[in-house]
Amino acid sequence: MKAQFNSSRSRFTIGLLVLIALIATTVVPAFGQSKRRPRPRRSTRVVVKKVPPVSYYTLNSGQVFRVRMNQTITSETARVGDQFTTTVVDPVYAGGFEVIPAGSSIVGQVRNVKRASRQSKAGTIEVHFVSLRLPTGITRAINGDLSDVTSDNINADNEGEVSGKSATKRNVVFVGGGAATGALIGAIAGGGKGAGLGAGVGAGLGVVGALFSKGHEAVVKSGTEFGVVLNQSLSLPAANVR
């Protein structure tokens with residue numbers, strides 16, 4: 001009787017173990033299949049757009065462009081180092097492309113000032129141009145001087161008003177002139193230290209006495225137009241390039 005009980009118990013145990021083994025072989029693969037496999041990461045390609053190179057065009061030394069004064073300066077109150085601004089009147093081209101649009105800004109600086117003296121000498125203002133700002137925001141340092149672009153010939157009238165071609169001349173300054181003009185443009189001999197106009201502007205025309213006998217201060221009024229001549233070449237992109 002006891003032997004039969006033990007035999008039945010053994011068979012039960014074996015059957016239970018077999019059942020557990022069957023369940024294990026079914027559940028484990030199913031569990032493994034239910035686990036998601038990680039997806040491979042997609043590589044992100046960075047597309048770099050090629051920017052075409054910007055072409056630059058050169059304004060040569062001696063290039064002149066017309067500007068308009070934005071404020072009034074006078075030899076009576078101006079000081080060396082004072083800055084003022086001008087606006088480009090006409091567009092400037094290089095290599096067939098517009099490089100300085102009308103409306104661009106040029107900054108000038110007072111380099112030397114002489115007040116009108118008691119000996120009836122006219123006041124003078126020597127200026128230099130130091131920077132250019134385009135409407136696009138591009139800013140460039142420049143080396144420019146004052147130039148007269150009003151006439152190809154030199155003339156002087158009874159009021160001491162002088163106009164002349166001085167685009168390629170240096171030592172050009174604003175000079176106190178007739179009441180109608182406020183300031184004239186003349187080339188001073190000896191780098192501004194001489195007593196008369198340079199040979200390129202006034203020699204032989206008798207304008208020295210007419211000009212320097214008035215004793216007027218040089219007054220450059222807002223709205224006055226004159227020329228700026230480059231002393232060094234300047235390279236710029238076409239005006240439509242951002």
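Please refer to the structure placed before this passage.
Residues numbered from 1 in each chain as written. Predicted model: local features only at pLDDT ≥ 70, side-chain atom pairs only at ≥ 80, totals over all residues. Heavy atoms only, no water.

## Details of the overall build of the chain
Let me state the cut-off plainly: What counts as a helix is a DSSP run of H or I of at least four residues, what counts as a strand is a run of E of at least two, and both are numbered from the N terminus. Each residue gets one of three labels from its accessible area relative to the maximum for its type: buried under 20%, exposed over 50%, partly exposed in between, using a 1.4 Å probe on protein chains only. Per-residue accessibility takes into account occlusion by the displayed protein chains alone, with areas from the Shrake-Rupley method and a 1.4 Å probe.
When its secondary structure is counted, the chain shows 2 helices and 16 strands. Within the chain, the proportion of its 242 residues that are buried is 33%. When the accessible area of the chain is evaluated, it comes to approximately 15,100 Å², of which 53% is carbon and sulfur surface.

## Examining the pattern of salt bridges
We apply this condition: A carboxyl oxygen of Asp or Glu within 4 Å of a side-chain nitrogen of Lys or Arg is what we treat as a salt bridge.
Counting across every chain of the model gives 3 salt bridges. The salt bridge partner of R68 is E225, with a shortest N-O separation of 3.1 Å. Highlighted residues: R68 in strand 2 (residues 64–69) and E225 in strand 15 (residues 225–230), separated in sequence by 157 residues. Residue classification places R68 among the partly exposed residues on the basis of a relative accessible area of 33%. Judged by relative accessible area, which is 31%, E225 ranks as partly exposed.

## Quick look at the packing of aromatic side chains
Using the following cut-off: Only Phe, Tyr and Trp rings take part, Trp by its six-membered ring, and two of them pair if their centres are within 6.5 Å. Stacked means planes under 30 degrees apart, edge-to-face means over 60, and tilted covers everything else.
Enumeration over the complete set of coordinates arrives at 4 aromatic pairs. Their ring planes at 85° and their centres at 6.0 Å tell us that F84 and F129 sit as a pair that is edge-to-face. Here F84, found in strand 4 (residues 83–88), pairs with F129, found in strand 8 (residues 124–133); they are 45 residues apart in sequence, far enough to count as distant. What makes F84 buried here is its relative accessible area of 1%. The exposure class assigned to F129 is buried, which follows from its relative accessible area of 0%. With a centroid separation of 6.2 Å and 35° between ring planes, the pair formed by F129 and F226 is classed as tilted. Taken together, the positions of F129 in strand 8 and F226 in strand 15 put the pair 97 residues apart, joining distant regions of the chain. Assigned by exposure class, F129 and F226 land together as buried. Through successive ring pairs, a cluster of aromatic residues spans F84, F129, F174 and F226.

## Regarding the nonpolar core
Counted only if it meets this: Throughout, nonpolar core names a set of buried Ala, Val, Leu, Ile, Met, Phe, Trp, Tyr and Cys residues whose side chains join them through atoms within 4.5 Å. The contact criterion used is simple: two residues touch if any of their non-hydrogen atoms lie within 4.5 Å.
Core analysis: the largest hydrophobic core is formed by 31 residues, its most contacted members being I100, F129, F174 and F226. Top contributing element to this core by residue count: strand 8, with 4 residues. Every residue in contact with I100, bar those within four places of it in the chain, is listed here: L59, F65, V88, D90, P91, V92, L132, L134 and L236.

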